[in-house]
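This is what each chain is made of:
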Amino acid sequence: MSLINETPQWKRLEEHSQSVKQTHLRTLMQDTERCFALMAEHKGILLDYSRENVLPETMDMLFDLAGAAGLEDKRTKMGNGQHINATEDRAVMHIALRSPKNKQFLVDGEDVVPEIHAVLDKVAAFAEKVRSGQWVGATGKAINTVVAIGIGGSFLGPEFVYEALRTDPEAAPQAAGRTLRFLANVDPVDTQRALSGLNPETTLAIVVSKTFTTAETMLNARTVRQWLLEGLKGQARDVVIRQHMVAVSTAVGKATDFGISAENIFGFWDWVGGRFSVCSAVGVLPLALQYGYPVVQQFLAGAHDMDAHFFEAPLRGNIPVLLGLLGVWNSSFLGHPARVILPYAQGLVRFAAHIQQVDMESNGKRVSVEGQPLPYACGEIIFGEPGTNGQHSFYQLIHQGRVVPAEFIGYCKSPHPVFLEGEVVSNHDELMSNFFAQPDALAYGKTVSELMAEGVPAHLHPHKEFPGNRPSLSLLFPELNAFSCGQLLAMYEHRVAVQGFVWGLNSFDQWGVELGKVLANKVRSQLASSRGQAEAPITGFNASTTCMMQKYLKTA
């Protein structure tokens, strides 16, 4: 099967990119008509991509490329529940997780929405029991603390949403007197941090593992189980586990073998990839326990709203499609291997980390969905930090070092506005002054002529010159709340799918994470043998690894 880079549409973009590279954004931004043409809006969300290195005809060519890649057909197959995750022979149906009850989504001919809402209703009922004090621990005390144990998609997405809502005026009061912590890393320091200062009598642990075999998660779960049992000595083991541990898993048998009661297991499905599972019980359960289920419903409604926009809006005004096509353009045609996410909202402190997994685990591939090696660059290195913190960290590089396409995310309203007497602007206006200024600074830069006009000494001109022509886009939302948080999540999930569809990838498997796990099993066995009574010598490893392991065993 031919690859997308063999099409005339791809080759036209390759040729076109050479002329675009010669045109500075200073020149492009003088065209007012172009600027207004490179904007899109959905329910108060404004996307401005006029500071990207694109012309209107560039976008025409990118939409032609989307047509050649079968983007709309692939999107339809995804929505229809076809098995577009070919290597695992699975549907990709995370969109159904936030569907209203009155809609239908089919997987293998079965409407999955009733089953989804059965789990959501179970989550809502359980969360209300815990929050109301009806559910109590082994000693009769109410639960006010939750430790969510999971890694990767079982952790990053829920943590992002938790942080986003911590200061939301509606969500925050619902969390009064409650604590939610996450335990992901198998490093015992993470366990210490997660459990420090907690009371086992009032703590509930959620074990999040689809298969209940993830090595790090299960070791952490056993560690927390032991902490609970030691902290609740005198209480029956089965009572402690029943009242203080629940699970989110598809492996009911393994979870019950662990000691968790079957009625305390919240299910999800193999057509939900881990990194796309925030809207399942993986995220909904800990978030509902912390903020209450009504807040979570708003989050799900926001995600569904963006799903509808992605599947129904014309491509040229479709925000996830535009983001995805611009990602393809910057990565494959302009040669930019990285992308930086810059939310000017402290609530999104963990958003970049979540999208790092969603994007890099999805599109960090070297072969097509049919298994053909790809001769073109795809996938991007994702990093980010909230503004203005990032400005005092890595903006030096993106202004005067490497070219890294930037994505600015801002909000018109602050959840906690502050205006001090005597100050020129409010704290939020100060933040947003930087949000509006930085994209222009990246685009325009600063010329030697401007430095000369300012009287800057000549020997400093090379150091103070900014080349500009650094592409960026800006997303401006009305405010950050549960609904818009759901919109943002779904927007980025779908832009990842768009890029994968155009590149011809399977964005929904992750075989690249497997090899290291297999090799870790071998190392684990060796460490166990070497630390045992036999003190077995290290064998079967290369000289470098053997040397490092010997050093470790002698020192540890």
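Source: prediction; values computed, not measured.

(A) Inspection of the nonpolar core at higher detail. In terms of nonpolar packing, the biggest core is built from 130 residues, with Trp-271, Leu-348, Ile-409 and Leu-475 touching the most fellow members. By residue number, the principal contributor to this core is helix α21 (residues 482-503), which donates 13 residues. Mapping this core onto the domain boundaries places at least three of its residues in each of domain 1 (4-69 + 313-504) and domain 2 (112-296).

(B) Representation of the packing of helix α1 (residues 8-20) against helix α15 (residues 319-333). One way to put it is that α1 packs onto α15 with a least axis distance of 11 Å and a crossing angle of 75°. One finds that α1 runs roughly perpendicular with respect to α15. In this structure, α1 uses Trp-10, Leu-13, Glu-14, His-16, Ser-17 and Val-20 to contact α15, whose residues at the interface are Trp-329, Ser-332 and Phe-333. Class assignment of the residues belonging to the contact of α1 with α15 gives a composition of 5 nonpolar, 3 polar and 1 charged.

(C) Local environment of the pattern of salt bridges. Within this structure, the stated rule accounts for 20 salt bridges. Among the ionic pairs, Arg-75 bridges to Glu-72, the shortest N-O distance being 3.7 Å. Within this pair, Arg-75 and its partner Glu-72 are both found in helix α5 (residues 71-79), separated by 3 residues, close to a single helical turn. Overall, Glu-72 belongs to the partly exposed group, its relative accessible area being 45%. Residues Glu-201 and Lys-141 are paired through a salt bridge, measuring 3.3 Å at the closest nitrogen-oxygen approach. A residue pair is termed long-range when its members are at least 10 positions apart, and Glu-201 in the loop between α9 (188-195) and β7 (203-208) and Lys-141 in the loop between α6 (113-132) and β5 (145-149) qualify at 60 residues. Ionic contacts of the salt-bridge type, sharing partners, join the residues Arg-339, Asp-359, Glu-380, Glu-407 and Arg-495 into one network.

(D) Structural detail: the pairing of strand β1 (residues 39-42). With burial as the criterion, only one face of β1 is covered, namely that bearing Ala-40 and His-42; the residues Met-39 and Glu-41 on the opposite face remain uncovered. Here 4 bridges tie β1 to strand β2 (residues 45-48), and the two strands are oriented antiparallel to one another. Directly across from Met-39, in β2, lies its bridge partner Asp-48. Between β1 and the antiparallel strand that follows it, β2, lie 2 residues; Lys-43 among them carries a positive phi value of about 45°.

(E) Structural detail: the sheet that holds strand β11 (residues 381-384). Pairing is mixed across the open sheet formed by 6 strands, whose spatial order is β1-β2-β13-β12-β10-β11. On the outer flanks of this sheet lie β1 and β11, each paired with one strand and no other. Taking the axes of each pair of neighbouring strands and ignoring which way they run, one obtains an average angle of 15° across the sheet. Strand direction decides the pairing type here: strand β12 (residues 406-411) and strand β13 (residues 472-477), joined by 6 bridges, are parallel. When the sheet's bridge partners are listed, Phe-408 is paired in β13 with Ser-474.

(F) Spotlight on a negative patch on the surface. A surface patch of like charges, here negative, comprises Asp-89, Asp-108, Glu-110 and Asp-270. With respect to the helices and strands, Asp-270 occurs in the loop between β9 (265-266) and α13 (281-291). Take Asp-270: its relative accessible area is 42%, and that puts it in the partly exposed class.

(G) Molecular detail of the domain arrangement of the chain. Partitioning the chain into domains gives domain 1 (4-69 + 313-504), domain 2 (112-296) and domain 3 (517-555). Here the C-alpha centroids of domain 1 and domain 3 sit 45 Å apart.

(H) Broad picture of helix α11 (residues 237-244). Taken residue by residue, α11 has Val-240, Ile-241, Gln-243 and His-244 as its buried positions. Residues of α11 that are buried make contact with β7, α10 (215-231), β8 (245-248) and α12 (252-258).

(I) Examining the packing of aromatic side chains more closely. This model, assessed by the stated rule, comprises 21 aromatic pairs. Ring geometry for Phe-160 and Phe-351: centres 5.1 Å apart, planes at 55°, overall tilted. Taken together, the positions of Phe-160 in helix α7 (residues 156-165) and Phe-351 in helix α16 (residues 351-363) put the pair 191 residues apart, joining distant regions of the chain. Per residue, the accessibility class of Phe-160 equals that of Phe-351, and both read buried. Here a set of aromatic residues connected by ring pairs shows up, and it is made of Trp-10, Trp-329, Phe-333 and Tyr-376. Stacked on the ring of Phe-541, the Lys or Arg Lys-522 has its end atom at 4.7 Å from the ring centre.

(J) How the structure looks around the sheet that holds β5. The sheet built from 5 strands is open, its strands ordered β6-β5-β7-β8-β9 with parallel pairing. Across the chains shown, the open sheet's two edge strands, defined by having one partner strand only, are β6 (179-183) and β9. The pairing of β8 with β9 spans 2 bridges and is parallel. Considered in β9, the bridge of Ala-247 is made with Ile-265.

(K) Structural detail: unusual backbone geometry. Following Gly-387, the chain continues to Thr-388 via a peptide bond in cis, the omega torsion being 10°. By the element assignment, Thr-388 lies in the loop between β11 and α17 (395-400). Of note, Lys-43 is a non-glycine position whose phi angle comes to about 45°, a positive value. Take Lys-43: it is sitting in the loop between β1 and β2. Although it is not a glycine, Asp-89 sits at a positive phi angle of roughly 50°. Take Asp-89: it is sitting in the loop between α5 and β3 (106-107).

What counts, and where the lines are drawn
Residues numbered from 1 in each chain as written. Predicted model: local features only at pLDDT ≥ 70, side-chain atom pairs only at ≥ 80, totals over all residues. Heavy atoms only, no water. Core = buried A, V, L, I, M, F, W, Y, C linked by side-chain atoms within 4.5 Å. Buried < 20%, exposed > 50% of the residue type's maximum accessible area, 1.4 Å probe, protein only. Helix = DSSP H or I, 4+ residues; strand = E, 2+ residues; numbered from the N terminus. Domains from an automatic or database assignment. Axes fitted to C-alpha atoms, helices over the stretch in contact; angles between N-to-C directions. Parallel < 35°, antiparallel > 145°, perpendicular 65-115°, else oblique. Contact = heavy atoms within 4.5 Å. Nonpolar A, V, L, I, M, F, W, Y, C, P; charged D, E, K, R; others polar. Salt bridge = Lys/Arg side-chain N within 4 Å of Asp/Glu carboxyl O. Pairing = 2+ DSSP bridges. Patch = residues over 30% accessible without salt bridge, like charges linked within 9 Å, V, L, I, M, F, W, Y side chains within 5 Å. Areas by Shrake-Rupley, 256 points an atom, 1.4 Å probe, with all protein chains shown as cover. Lys, Arg positive; Asp, Glu negative; His and termini not counted. Charge placed at Lys NZ, Arg CZ, Asp CG, Glu CD. Phe/Tyr/Trp six-rings, centres within 6.5 Å; stacked < 30°, edge-to-face > 60°. Lys NZ or Arg CZ within 6 Å of the ring centre and 35° of its normal.

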